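Notes for the structure review
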Amino acid sequence: MAMIRRMGHVDETGRIEFAEQVDLPPGDVVITIESISPEEEAAKAAFDELLASPKSLAFLETLVAKTCAERAAGLLNDLDPNQL
């Protein structure tokens, strides 16, 4: 079974328009529709913009360097999934 996620748009008549074609052979498919509110779309766009900014990248690099230093100094414990 192939699972493919594609973005689309519902027009005024209720017809679904997909942003891209899918690479599947002809045949039956099951389609699941998830509505995206304007607030969710705006939040996702803001998050994507933040992650793409040089300031965000510099902050993440700082966090990685700090974590690596703490790990090398023996200040971090191994993550035990059974204790989450």
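The model shown is predicted, which means the values in this text are computed figures rather than measured ones. (Residues numbered from 1 in each chain as written. Predicted model: local features only at pLDDT ≥ 70, side-chain atom pairs only at ≥ 80, totals over all residues. Heavy atoms only, no water.)

Considerations on the overall build of the chain
- A count of helices and strands for the chain gives two helices and two strands.
- Helices (α) and strands (β) of the chain occur, in sequence order from the N terminus, as β-β-α-α.
- Expected size for 84 residues packed as a compact globule is a radius of gyration near 12 Å; at 21 Å, the chain overshoots this value by more than 25%.
- Seen through its C-alpha atoms, the chain measures out along the principal axes to roughly 60 × 30 × 25 Å.
- The burial tally for the chain puts 2% of its 84 residues in the buried class.
- For the chain, the computed accessible surface area is about 8400 Å², with 59% contributed by carbon and sulfur atoms. (Helix = DSSP H or I, 4+ residues; strand = E, 2+ residues; numbered from the N terminus. Rg over C-alpha atoms; globule rule 2.2 N^0.38 Å. Buried < 20%, exposed > 50% of the residue type's maximum accessible area, 1.4 Å probe, protein only. Areas by Shrake-Rupley, 256 points an atom, 1.4 Å probe, with all protein chains shown as cover.)

Notes on a nonpolar patch on the surface
- The grouping of Ile4, Val10, Ile16, Phe18, Val22, Leu24, Val29, Ile31 and Ile33 at the surface amounts to a nonpolar patch, some 800 Å² of accessible area in total.
- Relative to the assigned elements, Ile4 resides in the segment before strand E1 (8-10). (Patch = residues over 30% accessible without salt bridge, like charges linked within 9 Å, V, L, I, M, F, W, Y side chains within 5 Å. Salt bridge = Lys/Arg side-chain N within 4 Å of Asp/Glu carboxyl O.)

Quick look at helix H2 (residues 54-72)
- In this model, H2 (19 residues) spans 27 Å end to end at C-alpha, consistent with the 27 Å of a helix rising 1.5 Å per residue.
- Positive backbone phi, approximately 75°, marks Gly74, located one or two places after H2. (Expected span 1.5 Å × (residues − 1).)

What about the pattern of salt bridges?
- This structure, assessed with the given rule, holds three salt bridges.
- Note that Arg6 is salt-bridged to Glu20, the shortest N-O span being 3.5 Å. Of the two residues, Arg6 sits in the segment before E1 while Glu20 sits in the loop between strand E2 (16-18) and helix H1 (38-52), which places them 14 residues apart along the sequence.
- What makes Arg6 partly exposed here is its relative accessible area of 31%.

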